[in-house]
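# Overview (structure and organization)
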Amino acid sequence: MSQEFGGRTGLQGKLTQWLRGRRPKDAVDDGGREALLLAAAGAGLPLAPAAHPAGYRCSCDRIGCPTPARHPVSFAWQTQSTTDRTQIERWARHQPQANFITATGMVHDVLDMPLDAGREALERLLASGIEVGPVAETDGRLMFFTLTRGTPEDEDEWWPCELDCHPETMDEHPGLRWHCRGSYVLVPPARLPGDGQSVHWVRGPEHPLPDPLSLLEILTDAGARWAGEDRDHVATAWPSRG
């Protein structure tokens, strides 16, 4: 089971391939889908059904859906989300094409960042002996699953979901999004529009959820390096005409 869910037995080979730029074989298939969903729920991640690809579009009826195959199917997803095995089995079998989201801010949060920065950060975290929990890869992003920050007594201490979308946090946490209360992410296995696009585990949900603050320094540093290289690339591509 450890190997199937990204455990330590099969992690080293998969991680080595992945860090070299080779994508590990996706587990997005009908045979392993339900088991992977139940493993996520068993780790405490509350799940709810989400939209799925319909060709290159979203399965929802919305014309020009801005987040195709990446959003819940119900507006009540926060109260609907559950770890109940029977309910998840029922959803998985009655909705065989559905993706699933996991609601953050209840048991866990998710720190996600650009893929290249995330790869650098993961390599550094593991080399430093820092406990790293489940990690998933989506299209162009790497998601680090952590314990939630809890419920601060001061309501002003709640952080917004997308830290890099706010001017006051842009320089402090470049490229980093912190999904907490009121947010969600797709949970593997999930399919995305396009050929072979998916969300899959790099490290499976059997890994204990770490304190998010234990990862933040290295994630922020890797994000800053990524942001600096990105700006340098733009400056090179569009030289100043001063």
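This text goes with the structure placed above it.
Residues numbered from 1 in each chain as written. Predicted model: local features only at pLDDT ≥ 70, side-chain atom pairs only at ≥ 80, totals over all residues. Heavy atoms only, no water.

So, about the overall build of the protein chain. Across its full length, the protein chain carries seven helices and 11 strands. The buried share among the 242 residues of the protein chain stands at 49%. Of the accessible surface of the protein chain, which amounts to about 12800 Å², a share of 49% is contributed by carbon and sulfur atoms. (Helix = DSSP H or I, 4+ residues; strand = E, 2+ residues; numbered from the N terminus. Buried < 20%, exposed > 50% of the residue type's maximum accessible area, 1.4 Å probe, protein only. Areas by Shrake-Rupley, 256 points an atom, 1.4 Å probe, with all protein chains shown as cover.)

This next bit is on helix 4 (residues 85-94). I88, E89, W91 and A92 are the residues of helix 4 that are buried. Within helix 4, the buried residues cover an arc of 165° as seen down the axis, which keeps them to one side. Away from the buried face of helix 4 by more than 90 degrees, exposed residues R93 and H94 are located. For helix 4, the side-chain oxygen to backbone nitrogen distance between the N-cap and T86 is 3.3 Å, and the N-cap itself is D84. (Arc of directions from axis to C-beta. Polar contact = N/O pair within 3.5 Å; in protein donor to acceptor, adjacent residues only side chain to side chain.)

The strand order across the open sheet formed by three strands is 1-4-9, and the pairing between neighbours is antiparallel. Here the strands that pair on one side only, and so sit at the sheet edges, are strand 1 (47-50) and strand 9 (184-187). Going across the sheet, the axis of each strand differs from the next one's by a mean of 40°, ignoring polarity. By the bridge criterion, four bridges tie strand 4 (residues 99-103) to strand 9 in an arrangement that is antiparallel. For I101, the partnering residue across the bridge sits in strand 9 and is L186. Contacting strand 1 and strand 4, helix 4 runs over the sheet at an angle of about 15° to strand 1. (Pairing = 2+ DSSP bridges. Axes fitted to C-alpha atoms, helices over the stretch in contact; angles between N-to-C directions. Contact = heavy atoms within 4.5 Å.)

Along the chain, V202 falls in strand 11 (residues 198-203). Linking V202 and V135, residues 67 residues apart in sequence, is a C-alpha distance of 5.4 Å.

Turning next to the pairing of strand 4. Counting buried residues along strand 4, five of its five residues qualify, which places the element largely inside the surrounding structure. Residues N99, I101 and A103 line one face of strand 4 and the alternating positions F100 and T102 line the opposite face, and both faces are buried.

Here six strands make up an open sheet; going across it, the order is 8-5-7-6-11-10 and the pairing antiparallel. The strands lining the two open edges of the sheet, one partner per strand, are strand 8 (177-179) and strand 10 (190-191).

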